[in-house]
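What follows is each chain in one-letter form.
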Amino acid sequence: MPNNLTTSRRSLVLSTVALGLASAGFVGWSTASSSDGGVVPSADRGREIRVVKTLTIEPKAMPTHHSAVGEIRPRSESEFAFRVSGKLVSRLVDVGMTVRKGDVLARLDDQDYRNRLRSAKADQQAAEAAVVEARASEVRIRKLLEQGYTTRANHDAALKNLRSTVAKLEAMKAAFDMARDQLAYTELRADFDGIVTTVGAEEGQVVNVGQMVARVADPANKDAVFSIAEAMFAAHPAERAGARVSISLLSNSSIATLGFVREVAPMADAATRTYQVKVALQNAPEAMRFGASVAGRVERTGDPVVTIPGSALFDLRGEPAVWVVSADDTVALKPIVVGHYETDRVVVSDGLTKGDIVVTAGVNRLRDRQKVRIEGDGK
């Protein structure tokens, strides 16, 4: 009997202790600290107001950059060749030499042309003598006709002979001028100031009419020439010509200048299917020599797009979304379509409109319809 009473009292004490511990645990669970240090009842945790950073959506035109590699070429370049054929006896220029307008580039053996000139001169002198004789004969016969000592037929014959000799003299003068010009053509001269970029014949070589002997480029005007894919012109048809281009040396990007698209080839290259684009350089540095490799960069103002920080993205069942603050200061998830990702931002192609307020920090701590307060807002 005493044992049963002792056991009952022990059970009662244990039950009382367990009930007290349970009550203490309930009290500890039902009280929680809010973000500002106060105590928020469990029923009010869903209405806790969080301070968030936001961004108001404002579509802006985002510049796009396109670059290509090309080379420096002369805008004006001519191949100089002789107008007559012959043996090249001297070439006075080499690649890289600077020439002035009128400078002699090369000479041909001119002995044959000097002989032709002497022959043409002799023919001209003979024709001049024939004209003098025919004119004197015509004067004599005309006087005899006036006095009635000869017939009109004789005068007509004399007049015809005079006209024939005068015409022959004109032909001899033209032949003399041609022989003189051909002699002058044995010297090849520069038509403008420039730099010799190529030579095509050596001394002792027999060259034909029109065969390139030297190629001279104008150093004052330079072009940067690029091969551009057709897709770029399809995307920007309005900028085929006139677009401004930044040009810099590949070997030293600090050496740069500006240019504008001067010419676009009307037909694509048959092998590469690219279009040749010539960019006229403005005040090209001396270091941009012919043949130098350069990089061209074009900046275009694109259509208005929406950009947000990468920290604003939230995963909604495997799809991108953002928290948008509503007019009642609550947040809700809004799915978006990402155009492309960049280093520190995301370009949104669809889902956001002008004026939307997007949460940019702490997105993983928010709940749907949760009350928020925008950082810096006095409310």
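Residues numbered from 1 in each chain as written. Predicted model: local features only at pLDDT ≥ 70, side-chain atom pairs only at ≥ 80, totals over all residues. Heavy atoms only, no water.

K.L.:
Sorry, what's going on with the packing of aromatic side chains here?
P.N.:
Each aromatic ring pair is specified by the distance between its two centres and by the angle formed by the two planes. This model, assessed by the stated rule, comprises two aromatic pairs. Note on Phe80 and Phe192: the rings are 5.9 Å apart at their centroids and 45° apart in plane angle, and the pair reads as tilted. Of this pair, Phe80 sits in strand β6 (residues 77-81) while Phe192 sits in the loop between β10 (187-189) and β11 (194-199); the two residues are 112 residues apart in sequence, bridging distant segments of the chain. One exposure class covers both Phe80 and Phe192, and it is buried. (Phe/Tyr/Trp six-rings, centres within 6.5 Å; stacked < 30°, edge-to-face > 60°. Helix = DSSP H or I, 4+ residues; strand = E, 2+ residues; numbered from the N terminus. Buried < 20%, exposed > 50% of the residue type's maximum accessible area, 1.4 Å probe, protein only.)

K.L.:
How should the pairing of strand β15 (residues 244-249) be read in this particular structure?
P.N.:
Regular strands have side chains that alternate between both faces of the sheet. Bridge analysis of β15 against strand β16 (residues 256-264) gives five bridges, and the strand direction is antiparallel. Paired with Ser248 across the strands is Ala256, a residue of β16. Here β15 folds back onto β16, and the loop between the two strands holds six residues. (Pairing = 2+ DSSP bridges.)

K.L.:
Can you walk me through the packing of helix α2 (residues 111-147) against helix α3 (residues 152-184) in this structure?
P.N.:
Each pair of packed helices gets described by two things: the angle between the helix axes and the distance between those axes. Axis separation between α2 and α3 bottoms out at 8 Å; the angle between their running directions is 160°. Relative to α3, the element α2 lies roughly antiparallel. Crossing hand, α2 versus α3: left-handed. (Axes fitted to C-alpha atoms, helices over the stretch in contact; angles between N-to-C directions. Parallel < 35°, antiparallel > 145°, perpendicular 65-115°, else oblique. Left-handed = near helix turned anticlockwise from the far one by under 90°.)

K.L.:
So what exactly am I meant to see when it comes to α2 here?
P.N.:
Because each turn of an α-helix spans 3.6 residues, side chains separated by three or four positions in sequence point in the same direction. If you check α2, its first and last C-alpha atoms are 55 Å apart, about what 37 residues at 1.5 Å a residue would give, namely 54 Å. Of the residues making up α2, those classed as buried are Tyr113, Leu117, Ala120, Gln124, Ala127, Val131, Ala134, Glu138 and Ile141. In the core, the buried residues of α2 are packed alongside α3. Just past α2, the residue Gly148 takes up positive phi, approximately 85°. (Expected span 1.5 Å × (residues − 1). Contact = heavy atoms within 4.5 Å.)

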